[in-house]
Amino acid sequence: MKKSESESSGHSFKDYFKRAINQMLVLVLLSEKPMYVYQLASELEKRSSDSYSVALLYPVLYRLVKLGYAAESGKEISEDNRVRNYYRITDAGCEYLQKILQEYDEMLEAVRQIREYKQEP
């Protein structure tokens, strides 16, 4: 019996999809207000009715910072003495977000068209 792609690669379609859109979703949230990592993770889960979570948000944020799309915007000490590093979207990040949102919408429409395609007899 042939193994499925997810069995042979260790990744599911959902894993690949999330990896592709994590940056976009983080930038969407940061475009609303600066947030710290736990706040970002909680907001993703809340807005998706607990069906979307990202186990490791730090690599996503570090990549966005490295690319100049996000930046640290301050630190705060929580009541339990934890340091919260806040991140914000940059001007370049706003431009990039608009570009990838458009590409995302175009891809969704292309997939919809492919799925609903009816070949004429």
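Here, the structure is the one placed above.
Only a predicted model underlies this, so the values are computations on that prediction, with no experimental measurement involved.

Caption draft 1: Just helix α5 (residues 91–116), in detail. If you check α5, its first and last C-alpha atoms are 38 Å apart, about what 26 residues at 1.5 Å a residue would give, namely 38 Å. Of all the positions in α5, only Gly-93, Leu-97 and Ile-100 are classed as buried. On its buried side, α5 packs onto α2 (13–30) and β2 (83–89).

Caption draft 2: Focus on the packing of aromatic side chains. Summed over the entire model, instances satisfying the criterion amount to 4 aromatic pairs. Judged by centre distance (6.0 Å) and plane angle (20°), the ring pair of Phe-13 and Phe-17 falls under stacked. Highlighted residues: Phe-13 and Phe-17, both in helix α2, separated by 4 residues, approximately one helical turn. Judged by its relative accessible area of 33%, Phe-17 is partly exposed. Seen from their ring centres, Tyr-69 and Tyr-96 are 4.2 Å apart, and the 5° between their planes marks the pair as stacked. Of this pair, Tyr-69 sits in the loop between α4 (57–66) and β1 (70–77) while Tyr-96 sits in helix α5, and the two are 27 residues apart along the sequence. Judged by its relative accessible area of 18%, Tyr-69 is buried. Over the aromatic face of Tyr-52 sits the side chain of Lys-18, whose NZ or CZ is 5.0 Å from the ring centroid.

Caption draft 3: Focus on the pattern of salt bridges. Inspection of the entire model under this criterion finds 8 salt bridges. Its salt-bridge partner being Arg-82, residue Asp-80 comes within 3.5 Å of it at the nearest N-O pair. A salt bridge links Arg-112 to Glu-109, with the shortest nitrogen-to-oxygen separation between them at 2.4 Å. Taken as a pair, Arg-112 and Glu-109 lie in helix α5 at a separation of 3 residues, close to a single helical turn. Glu-109 gets classed as partly exposed once you look at its relative accessible area, which sits at 31%.

Caption draft 4: Up close: the nonpolar core. Counting residues in each nonpolar core, the largest one holds 23 residues, and the members touching the most others are Val-26, Leu-30, Leu-40, Leu-57, Leu-61 and Leu-64. Elements represented by at least two residues in this core include exactly α2, α3 (37–47), α4, β2 and α5. Considering every element that reaches this core, the biggest residue donor is α2, with 6 residues. Once you skip the residues sitting within four places of it in the chain, Leu-61 turns out to touch Val-26, Leu-30, Val-37, Leu-40 and Tyr-87.

What counts and what doesn't
- Residues numbered from 1 in each chain as written.
- Predicted model: local features only at pLDDT ≥ 70, side-chain atom pairs only at ≥ 80, totals over all residues.
- Heavy atoms only, no water.
- Helix = DSSP H or I, 4+ residues; strand = E, 2+ residues; numbered from the N terminus.
- Expected span 1.5 Å × (residues − 1).
- Buried < 20%, exposed > 50% of the residue type's maximum accessible area, 1.4 Å probe, protein only.
- Contact = heavy atoms within 4.5 Å.
- Phe/Tyr/Trp six-rings, centres within 6.5 Å; stacked < 30°, edge-to-face > 60°.
- Lys NZ or Arg CZ within 6 Å of the ring centre and 35° of its normal.
- Salt bridge = Lys/Arg side-chain N within 4 Å of Asp/Glu carboxyl O.
- Core = buried A, V, L, I, M, F, W, Y, C linked by side-chain atoms within 4.5 Å.

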